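# Summary of the model geometry
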Amino acid sequence: MVFDLYRTIYIFANTFCIEIIRRSMHLFFDHPCYGRKICVLTYLLYFVMTSGTYLLWDTPFICLAANLFTIGLIAFQYHGNFQKKILATAFTYISFFISEIIVGVITNYFSFTIFSEADYHNAVGLMIAKLLNFMLILIARKFQFLNTNRSVSTFDWIATICIPIGTISLEIMLIHAKSTSKWAVFVSVMIVFLLNGFIFY
């Protein structure tokens, strides 16, 4: 295992996934039922387990199992019936899957098998998948507001769609600039994730 730029960005992007999952859970639940500390620990377990399985094995089947297990564990920390927790787990993972499929179509990459080690190392694709997933969750939240008769301003809709897409576009231009160093790419990706997280917090 070589800890290269892609793996470094993957680990940082995985911390951004915690925010994506948290927002996805809030589509279904209001408050964790076992207390804040235990809930935080389950999110940390998600990060450690999914990052660890990727770094050690990087096979789609093992990564899938680790993701479903830890996302399900997070869902079961919230108030709600069994069916709602299963639905929250499925919705969260499917949103990840859809984002990755879209990026796979864009980057023309589908050459993997579920039990063999993956060889996808496209940092741009990784970043797009996470930000696209974040945008999908934000849009779902806005529609949830509409269903509960809560108003959503035009500015909110524009910001929800344009800010993630805009930061993706700027990052792609920066990454493909010939004079950009690997360190600059990492720092810029980190800033993109932080900006999106703080803007919509």
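This one's a predicted model, so the numbers in the text were calculated from it and none came from an experiment.

## With respect to the packing of aromatic side chains
- All told, the structure shown has six aromatic pairs when counted by the stated rule.
- Ring centres of Phe28 and Phe29 lie 6.3 Å apart, and the angle between their planes is 45°; on these two criteria the pair is classed as tilted.
- Judged by relative accessible area, Phe28 falls into the buried class, the value being 17%.
- Three or more aromatic residues link up through ring pairs in this structure, and these residues are Phe28, Phe29, Tyr78 and Phe91.

## Points about helix H2 (residues 36-56)
- Counted at 1.5 Å a residue, the expected span for H2 with its 21 residues is 30 Å, and the 30 Å between its end C-alpha atoms agrees.
- Turning to H2, its buried residues are Cys39, Thr42, Tyr43, Tyr46, Thr50, Ser51, Thr53, Tyr54 and Leu55.
- Directly beyond the C-terminal end of H2, a positive phi value near 55° is found at Asp58.

## Notes on the packing of H2 against helix H3 (residues 60-75)
- Direction vectors running N to C along H2 and H3 enclose 180°, while the axes themselves pass 9 Å from each other. Regarding the angle of H2 to H3, the classification is roughly antiparallel. The segment H2 lies against H3, with Thr42, Tyr43, Leu45, Tyr46, Met49, Thr50, Thr53 and Tyr54 engaging Ile62, Cys63, Ala66, Asn67, Phe69, Thr70, Ile71, Leu73 and Ile74.
- Here the residues of the contact of H2 with H3 sort into 12 nonpolar, five polar and no charged.

## Section: a nonpolar patch on the surface
- A surface patch of nonpolar side chains, about 410 Å² in accessible area, is lined by Leu56, Trp57, Phe61 and Ile62.
- Mapped onto the secondary structure, Ile62 falls in helix H3.

Criteria and thresholds
- Residues numbered from 1 in each chain as written.
- Predicted model: local features only at pLDDT ≥ 70, side-chain atom pairs only at ≥ 80, totals over all residues.
- Heavy atoms only, no water.
- Phe/Tyr/Trp six-rings, centres within 6.5 Å; stacked < 30°, edge-to-face > 60°.
- Buried < 20%, exposed > 50% of the residue type's maximum accessible area, 1.4 Å probe, protein only.
- Helix = DSSP H or I, 4+ residues; strand = E, 2+ residues; numbered from the N terminus.
- Expected span 1.5 Å × (residues − 1).
- Axes fitted to C-alpha atoms, helices over the stretch in contact; angles between N-to-C directions.
- Parallel < 35°, antiparallel > 145°, perpendicular 65-115°, else oblique.
- Contact = heavy atoms within 4.5 Å.
- Nonpolar A, V, L, I, M, F, W, Y, C, P; charged D, E, K, R; others polar.
- Patch = residues over 30% accessible without salt bridge, like charges linked within 9 Å, V, L, I, M, F, W, Y side chains within 5 Å.
- Areas by Shrake-Rupley, 256 points an atom, 1.4 Å probe, with all protein chains shown as cover.
- Salt bridge = Lys/Arg side-chain N within 4 Å of Asp/Glu carboxyl O.

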